[in-house]
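# Geometric and topological summary
Each chain, letter by letter, is given below.
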Amino acid sequence: MARLDFPKDFVWGTATASYQIEGAANEGGRGPSIWDTFSRTPGKVVNGDTGDVACDSYHRYEEDIALLKKLGVKAYRFSIAWPRILPQGTGEVNQEGLDYYGRVIDKLIEAGIEPCVTLYHWDLPQALQDQGGWGVRSTIDAFVRYAEIVFQAFGGKVKQWITFNETWCISFLSNYLGIHAPGHRDLQLAMTVAHHCLVAHGRTVRKFREMGVKGEIGTTHNLAWCEPYTDSPEDVAAAQRTRGWNNEWFMDPTLKGTYPQFLVDWFKSKGAEAPIQPGDMETIAQKIDFIGINFYTGNYGRYRKDFGDFDYEEVQVGFDRTDIGWNVYPESLFKALKWVHDTYGEIPIYITENGACYNDGPSPDGKIHDEKRIDYYRMHFTQCHRAIASGVPLKGYFAWSLLDNFEWAEGYAMRFGIVYTNYETLTRTPKDSYYFIQKVIAESGLDV
Ligand code: IFM
């Protein structure tokens, strides 16, 4: 058995997102978002689930914060719903929305927990989608104005800000693969959406600096780790393309101010390109204080002509899988962290999400014995420790998620929480993994 100690100032936290936990879709002056529309469209979400009630955190946030306090976290990452602040996306501010997040933030601070706020975790006001959504540049202006209002309200109290959560999902998953709202299948549109979100990120960082807001700002990209099954040049290139689509396409502009040329060429061959206007790349590459990484899984794959978009086919090498079907490949987290450090230098890194979907429910003793989730966390904490020991500037880790919640197109069928949500009674029950993480945090380390 070995002992792994984490630095004393390592930030342990958990994460959630507004539409996934809040509910109260028609309360507090909130306007509709694209997820209200999408989830009400038959066939888009498993069982026709919606976020109308979700975990009802809008009303039960004090209970959630009490759970966080008992867990011992230093920080809590949550998102602000744009349509609660500006129900139509622009124009009149809804004071009730600001008041709600003000209460959440004050309660967290009172509990000794740092709020880490994500400005955009996918709930675009429907009114903006009706005007073209992220496919049009005016949405960038609307976003920066929304961010300014939120900075004015909470700047100083909130020390850590994240502009966007997972720009790959906002663009490709939602506008090319059609799996998330608004559900389009158009490669050029997805490229445009990705570019506009990146520009909106850069302009927001610039606004943050101009306003002199105290605190740190960054963005969160979801990385995917794809490794060639053999070292044949075809396999290597196919894995590089697939990885690049998820990783470099977003990391390079954010941290280097360029798009990776090998993918620019690849997308051009498919008739699509980023609609870059003069000055955009400098805007995107505003200096940020940290980079957020969401990480869940990795795979091996090989070249197969005309397979998928990148001629890349996954090879099954015998990984265990979580209940959502994602490979459990902890070492890929270490590899991804090393890659970020080697490629982008000394920028501080936070894992802003990592966790596992296992759908265990209560046992006859009323407890939730989610052993596989504990194993997943233990193995991933081990890889984080390894990364820190190898010099990677990893500063914190946010477990996804505090609660079982609305898992987008999977509805309530897939559970990622370390706290069990009973969707009928809305009671919360900490799972065994909650107590495991509580101990890790208390000791700032673990035995493996
Ligand atoms: O639930 C999501 C979250 O909203 C974004 N990152 C991945 C999680 C699990 O799918």
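Details of the structure are given in the entry above.
Now for a description of the structure that goes with this document. Bear in mind the structure is a predicted one, so any value in this text is a computation, not a measurement.

## Observations concerning the overall build of the chain
Looking only at helices and strands, the chain has 16 helices and 13 strands in total. For 448 residues, the compact-globule estimate of 2.2 N^0.38 gives 22 Å, and the C-alpha radius of gyration of the chain, at 21 Å, lies within 12% of that figure. Buried residues in the chain amount to 61% of all 448 residues. For the chain, the share of sequence-separated contacts (at least 6 apart) that also reach a separation of at least 24 residues comes to 76%. Only carbon and sulfur atoms are counted for the fraction: they give 50% of the accessible area of the chain, which is about 16,600 Å².

## Overview of the layout of surface pockets
The method is simple in principle: a probe with the dimensions of a water molecule rolls over the atoms, and the space it marks as empty is what remains. Quantified by volume, the largest pocket comes out at close to 1,200 Å³. If you trace the largest pocket, you find 44 residues lining it, with Trp168, Leu173, Asn246, Thr297 and Trp326 closest to the centre. For the lining of the largest pocket, the secondary-structure elements that each account for two or more residues are helix 8 (167-175), strand 6 (216-228), helix 10 (233-246), strand 7 (290-303) and strand 8 (312-315). In terms of residue class, the lining of the largest pocket is made up of 21 nonpolar, 14 polar and nine charged. For the second largest pocket, the calculated volume is near 170 Å³. Within the lining of the second largest pocket, the residues separate by chemical class into three nonpolar, one polar and four charged.

## Comments concerning helix 5 (residues 95-110)
Over its 16 residues, helix 5 runs 22 Å from end to end, which matches the ideal 22 Å to within 8%, given 1.5 Å per residue. Those residues of helix 5 that fall on the buried side of the exposure criterion are Gly97, Leu98, Tyr100, Tyr101, Gly102, Val104, Ile105 and Leu108. Directly after helix 5, the chain includes Gly112, whose backbone phi takes a positive value near 80°.

## Observations regarding the packing of aromatic side chains
Scanning the model with the defined rule gives 55 aromatic pairs in all. Centroid distance Phe10 to Trp12: 4.9 Å. Interplanar angle 70°. Geometry classified as edge-to-face. By the burial criterion, Phe10 is buried, and Trp12 matches it. Centre to centre, the rings of Trp35 and Phe406 are 6.1 Å apart; their planes meet at 80°, and the pair counts as edge-to-face. Taken together, the residues Trp35 in helix 2 (residues 34-39) and Phe406 in the loop between strand 10 (394-400) and strand 11 (419-421) connect sequence positions 371 residues apart.

## Notes on the site of the ligand
Taken together, Gln20, His121, Trp122, Asn165, Glu166, Tyr296, Trp326, Glu353, Trp400, Glu407, Trp408 and Phe416 make up the full set of residues adjacent to the ligand. At a separation of 2.7 Å, an oxygen atom of the ligand approaches a polar side-chain atom of Gln20. In the model, an oxygen atom of the ligand is placed 2.6 Å from a nitrogen or oxygen of the Glu407 side chain. Among the detected pockets, the ligand sits in the largest pocket. In terms of residue class, the shell around the ligand is built from six nonpolar, three polar and three charged.

## Some remarks on the pattern of salt bridges
Inspection of the entire model under this criterion finds 29 salt bridges. Of the charged contacts in the structure, one is a salt bridge between Asp404 and Arg415, with a shortest N-O distance of 2.6 Å. With Asp404 in the loop between strand 10 and strand 11 and Arg415 in the loop between strand 10 and strand 11, the pair connects residues that are eleven residues apart, well separated along the chain. For the residue pair Asp404 and Arg415, the accessibility class agrees, reading buried in each case.

## Re the packing of helix 5 against helix 7 (residues 138-154)
Interhelical geometry of helix 5 versus helix 7 gives an angle of 45° and a closest axis separation of 11 Å. Considered as vectors, helix 5 and helix 7 are oriented oblique to each other. The chirality of how helix 5 crosses helix 7 is right-handed. Facing Leu98, Tyr101, Gly102 and Ile105 of helix 5, the residues of helix 7 in contact are Ile149, Ala153 and Phe154. Partitioned by chemical class, the residues of the contact of helix 5 with helix 7 number six nonpolar, one polar and no charged.

## A word on empty space enclosed by the protein
Evaluation of the coordinates by the stated rule reveals four cavities of 30 Å³ or more. The computed volume of the largest cavity comes to approximately 110 Å³. Along the wall of the largest cavity there are 15 residues; nearest its centre are Ile21, Tyr76, Phe78, Tyr100 and Val104. Looking at the lining of the largest cavity, the elements that each hand over two or more residues are helix 1 (18-21), helix 3 (57-71), strand 3 (75-79) and helix 5. Looking at the lining of the largest cavity, the element that brings in the most residues is helix 3, giving four residues.

## Considering unusual backbone geometry
The step from Ala181 to Pro182 runs through a cis peptide bond, and the omega angle for that step is 10°. Checked against the element boundaries, Pro182 lands in the loop between helix 8 and helix 9 (187-210). Phi at Ala54 takes a positive value of approximately 50°, unusual for a residue other than glycine. Its location among the elements puts Ala54 in the loop between helix 2 and helix 3.

## Section: the nonpolar core
If you look at the biggest cluster of nonpolar residues, it comprises 131 residues, and the most contacted ones within it are Trp134, Trp161 and Phe172. Among the elements that make up this core, the one with the highest residue count is helix 9 (eleven residues). Setting aside residues no more than four positions away along its own chain, Phe172 makes contact with Leu177, Gly178, Leu187, Ala190, Met191, Trp245, Trp249, Phe250 and Phe267. Grouped together as the second largest cluster of nonpolar side chains are 19 residues, Val11, Ala75, Ile324 and Tyr358 included.

Conventions used here
Residues numbered from 1 in each chain as written. Predicted model: local features only at pLDDT ≥ 70, side-chain atom pairs only at ≥ 80, totals over all residues. Heavy atoms only, no water. Helix = DSSP H or I, 4+ residues; strand = E, 2+ residues; numbered from the N terminus. Rg over C-alpha atoms; globule rule 2.2 N^0.38 Å. Buried < 20%, exposed > 50% of the residue type's maximum accessible area, 1.4 Å probe, protein only. Contact = heavy atoms within 4.5 Å. Areas by Shrake-Rupley, 256 points an atom, 1.4 Å probe, with all protein chains shown as cover. 1 Å grid on protein atoms, 1.4 Å probe; cavity = no way out; pocket = protein on both sides within 12 Å on 5 of 7 lines; lining within 4 Å. Points joined across faces, edges and corners; volume = space filled by probe spheres on them. Nonpolar A, V, L, I, M, F, W, Y, C, P; charged D, E, K, R; others polar. Expected span 1.5 Å × (residues − 1). Phe/Tyr/Trp six-rings, centres within 6.5 Å; stacked < 30°, edge-to-face > 60°. Near = heavy atom within 4 Å. Polar contact = N/O pair within 3.5 Å; in protein donor to acceptor, adjacent residues only side chain to side chain. Sits in = over half its atoms within 2 Å of the grid points. Salt bridge = Lys/Arg side-chain N within 4 Å of Asp/Glu carboxyl O. Axes fitted to C-alpha atoms, helices over the stretch in contact; angles between N-to-C directions. Parallel < 35°, antiparallel > 145°, perpendicular 65-115°, else oblique. Left-handed = near helix turned anticlockwise from the far one by under 90°. Core = buried A, V, L, I, M, F, W, Y, C linked by side-chain atoms within 4.5 Å.

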